[in-house]
Amino acid sequence: MRVSHKNRIQGPKHFLSVDDFTIDEYKKLFLDTATIKAEWQNSTHEIFIPCENKRTLVSLLFTQPSTRTSGSFEKAAQALGCNVTTLHVSSSSIAKGESYRDTAMMAGLAANVLVVRHKGKEGTLQRLADKIFPRHDALRNVAIVNAGEGTGEHPTQALLDMYTIHEKFGNIKGLRIGVYGDLKYGRTTHSLLRLGSRFGAQFVCISPEDLSMPKRHLQYAANFGPKPTCTKNIHDVINELDVLYVTRLQREYRPDKLHHEPKEKISGYGVTPKLLKLFPKHSVVMHPLPRLDELPTECDKDPRVIIVSQAYNGIMARTALLRYILQCAKGASFRP
Ligand code: NCD
């Protein structure tokens, strides 16, 4: 098991993997998210006050495309009264060949929180947090948040997904969650499996064999929760699921021709209104988005497809997360 940053003696509250927070911390974040959501909807905004210091800065660095994650972090940071800067790869010196590491250091300067997405090797953010940032006075207090790292993890997506499931069912333990699609490269499913298993959910991994869930995530889930099962055929399990979590094919990571042929489909893969007829009435369909043809818009009429409220919860959950990280920084002393 990876070493959690909780075990570090001192330092900012990074969120690089779902393993970094305890179940109690998640429960607190769920409560905070619910409160923030209620206040947001009532427009009272009374709780969004941690940034009495007007220089509190949340810096976003995205070296991969993003709509929801970057947008929701910006909205969350602004709601908290923070300043926000966003650096996209196309407008950064990465386009001139600057290294990712140097770019990340520059994006982190004068920030309280650095939210990072990148396509590169898993473990890069951990190295920034453990080795690179602590070397510099100007960077050692910056909390790093993983907003999606290569084919590794996407912990803030799992936070909002778990919150959405908790909000819908009132509990997580014992729920049957089917993660469906590209489980090999789909980082959202890795984080969801790891976190949901810790909460006691029973996972079913549904994918073609060459896109199956990596063994290390299955092993982790089995160590910390009910042992996941795997199947190639969604019809084997569709009528037993509480949650069906659909994902797109991650063509950008595939070494084969699928990358160049967006129209190509894996036979039988995807959700259709016909398939949803077999899906239990109380259950929900989720998707981290963006979607391609695995969840056609004609399914949106079905009230069990909750993808918009799931994305909306992303703003609320990320507001709770940023506030928590900023509060942790306030309570800690970060002397060099
Ligand atoms: C996901 C991602 O970036 O991993 N998107 C998101 O953050 N909602 C899923 C995906 O790209 O398929």
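Scroll up to find the structure.
Each residue is numbered by its place in its chain's sequence as written, counting from 1. The predicted nature of this model means local features are confined to residues of pLDDT at least 70 and side-chain atom pairs, given and counted, to a pLDDT of 80 or more, with totals for whole chains, interfaces and linings taken over all residues. The side-chain numbers reported here are obtained from all heavy atoms of the structure, hydrogens and water having been left aside.

## Structural notes on the overall build of the protein chain
- Segments assigned H or I by DSSP are reported as helices when at least four residues long, segments assigned E as strands when at least two residues long, and all are numbered from the N terminus. A tally of regular secondary structure across the protein chain gives 9 helices and 9 strands.
- Classification of residues uses two cut-offs on accessible area relative to the type maximum, computed with a 1.4 Å probe and protein chains only: under 20% is buried, over 50% is exposed, and between them is partly exposed. Per-residue burial over the protein chain gives 56% buried out of 336 residues.
- Considering only contacts in the protein chain between residues 6 or more positions apart, those separated by 24 or more positions represent 77%.
- With residues, only the protein chains shown are counted as cover, and all accessible areas are computed by Shrake-Rupley using a 1.4 Å probe. Just so you have it, the protein chain exposes about 15,000 Å², and 53% of that area is on carbon and sulfur atoms. Contact criterion: two residues are considered in contact whenever any of their non-hydrogen atoms come within 4.5 Å of each other.

## Some details on the site of the ligand
- The nearness test applies per residue and asks whether one of its heavy atoms lies within 4 Å of the molecule or strand. In the vicinity of the ligand, the residues found are Arg-68, Thr-69, Arg-117, His-154, Gln-157, Arg-187, Thr-188, Arg-248, Gln-250, Pro-288, Leu-289 and Pro-290.
- For the ligand, whose free accessible area comes to 310 Å², the fraction covered by protein is 94%.
- The site holding the ligand turns out to be the largest pocket. Whether a set of points on the 1 Å grid over the protein atoms alone is a cavity depends on a 1.4 Å probe fitting there but being unable to get out, while an open set qualifies as a pocket with protein on both sides within 12 Å along at least five of seven lines; lining residues are those with an atom within 4 Å of a point. Each molecule is checked against the cavity or pocket grid, and it sits inside if more than half of its atoms lie within 2 Å of the grid points.

## Here's the deal with the sheet that holds strand S2 (residues 83–88)
- Being paired, for any two strands, means DSSP has found at least two bridges between them. Taken in spatial order, the 4 strands make up an open sheet running S2-S1-S3-S4, and their pairing is parallel. If you trace the sheet from one side to the other, it starts and ends with S2 and strand S4 (143–149), each paired once. Across the sheet, the mean angle from the axis of one strand to that of its neighbour is 15°, orientation sign disregarded.
- Axis geometry follows a simple rule: fit a line to the C-alpha atoms, using only the stretch in contact for helices, then measure angles between N-to-C directions, giving values from 0 to 180 degrees. Against the sheet, helix H2 (residues 68–79) engages strand S1 (57–62), S2, strand S3 (113–118) and S4, with an angle of about 175° to S1.

## Re the pairing of S3
- Of all 6 residues in S3, 6 are buried, a share of seventy percent or more.
- Across the two faces of S3 the burial is the same, with Val-113, Val-115 and Arg-117 and Leu-114, Val-116 and His-118 all buried.
- In the sheet, S1 pairs with S3 via 5 bridges, with the strands oriented parallel. For Leu-60, the partnering residue across the bridge sits in S3 and is Val-115.
- Of the pairings in the sheet, the one linking S3 to S4 comprises 5 bridges and is parallel in character. Paired with Val-115 across the two strands is Val-145, which belongs to S4.
- For the crossover that starts at S3, traverses helix H4 (residues 124–132) and ends in the parallel S4, the hand is right-handed. If you view a crossover with the strands going away from you and the path from the first strand over the helix to the second runs clockwise, you call it right-handed.

## A closer look at the packing of aromatic side chains
- Pairing of aromatic rings covers Phe, Tyr and Trp, the last through its six-membered ring, and needs centres within 6.5 Å; plane angles under 30 degrees mean stacked, over 60 mean edge-to-face, and all others mean tilted. Under the defined criterion, the tally for this structure stands at 10 aromatic pairs.
- Aromatic pair Phe-15 and Phe-21: ring centres 4.4 Å apart, planes at 25°, arrangement stacked.
- Note on Phe-15: relative accessible area 0%, which makes it buried.
- Under the relative-accessibility criterion, Phe-21 is labelled buried at 0%.
- Among the aromatic residues, those joined into a cluster by ring pairs are Phe-15, Phe-21, Tyr-26, Phe-30, Tyr-163, Phe-199 and Tyr-324.
- Counting as a charge over the ring demands two things of the Lys NZ or Arg CZ atom: a distance within 6 Å of the ring centre and an angle within 35 degrees of the ring normal. A cation sits over an aromatic face here: Lys-168 above Phe-169, 6.0 Å from the ring centre.
- Seen from the ring of Tyr-220, Arg-194 lies directly overhead, with NZ or CZ sitting 3.9 Å from the centre.

## Points about the layout of surface pockets
- Grid points are joined across faces, edges and corners, and a volume is the space filled by probe spheres set on the points. Volume-wise, the largest pocket comes out at about 440 Å³.
- Forming the walls of the largest pocket are 21 residues, and the residues nearest its centre are Arg-117, Arg-187, Arg-248, Leu-289 and Pro-290.
- Elements with a contribution of two residues or more to the lining of the largest pocket: H2 and helix H6 (187–198).
- In the scheme used here, Gly and all other residues not listed as nonpolar or charged are polar, with Ala, Val, Leu, Ile, Met, Phe, Trp, Tyr, Cys and Pro taken as nonpolar and Asp, Glu, Lys and Arg as charged. A per-class count over the lining of the largest pocket returns 4 nonpolar, 11 polar and 6 charged.

## Quick look at helix H1 (residues 23–42)
- The end-to-end C-alpha separation of H1 is 29 Å, in line with the 28 Å expected for 20 residues at 1.5 Å each.
- Those residues of H1 that sit buried are Glu-25, Tyr-26, Leu-29, Phe-30, Asp-32, Thr-33, Ile-36, Lys-37, Glu-39 and Trp-40.
- In the stretch just after H1, Ser-43 is the one whose phi turns positive, near 60°. Working rule for helices: expected span equals 1.5 Å times residues minus one.

## Details of the nonpolar core
- We define a nonpolar core as any set of buried Ala, Val, Leu, Ile, Met, Phe, Trp, Tyr and Cys residues linked to one another through side-chain atoms lying within 4.5 Å. Core analysis: the biggest nonpolar cluster contains 57 residues, and Tyr-26, Val-115 and Leu-321 have the highest contact counts within it.
- Of all the elements, helix H9 (residues 307–331) adds the most residues to this core, at 9 residues.
- Leaving out residues up to four positions away in the same chain, Val-115 has contacts with Val-58, Ser-59, Leu-60, Leu-61, Phe-62, Phe-73, Val-145 and Ala-147.
- Core analysis: the second largest hydrophobic core is formed by 24 residues, Tyr-180, Leu-211, Leu-241 and Leu-275 among them.

## Some details on the pairing of S1
- Within S1, 6 of the 6 residues are buried, which leaves it mostly tucked inside the rest of the structure.
- Side-chain alternation along S1 places Leu-57, Ser-59 and Leu-61 on one buried face and Val-58, Leu-60 and Phe-62 on a second face that is also buried.
- Two elements, S1 and S2, share 6 bridges in a ladder whose sense is parallel. Within the sheet, the bridge partner assigned to Leu-61 lies in S2 and is Leu-87.
- Tracing the backbone out of S1, into H2 and back to the parallel element S2 gives a crossover that is right-handed.

## Section: the sheet that holds strand S9 (residues 284–286)
- Reading across the sheet, the 5 strands line up as S7-S6-S5-S8-S9 and stay open at both edges, with parallel pairing between neighbours. Every interior strand has two partners, whereas the edge strands, strand S7 (229–231) and S9, have only one. Looking at each pair of strands side by side, their axes are set apart by 20° on average, direction ignored.
- Relative to S9, strand S8 (residues 243–246) runs parallel, the two being bridged by 3 bridges. Bridge pairing links Leu-244 to Val-285 in S9.
- The sheet strands contacting helix H5 (residues 155–169) are strand S5 (176–180), S8 and S9, and the helix crosses S9 at an angle near 170°.

These values are about where atoms sit, not about what they do.
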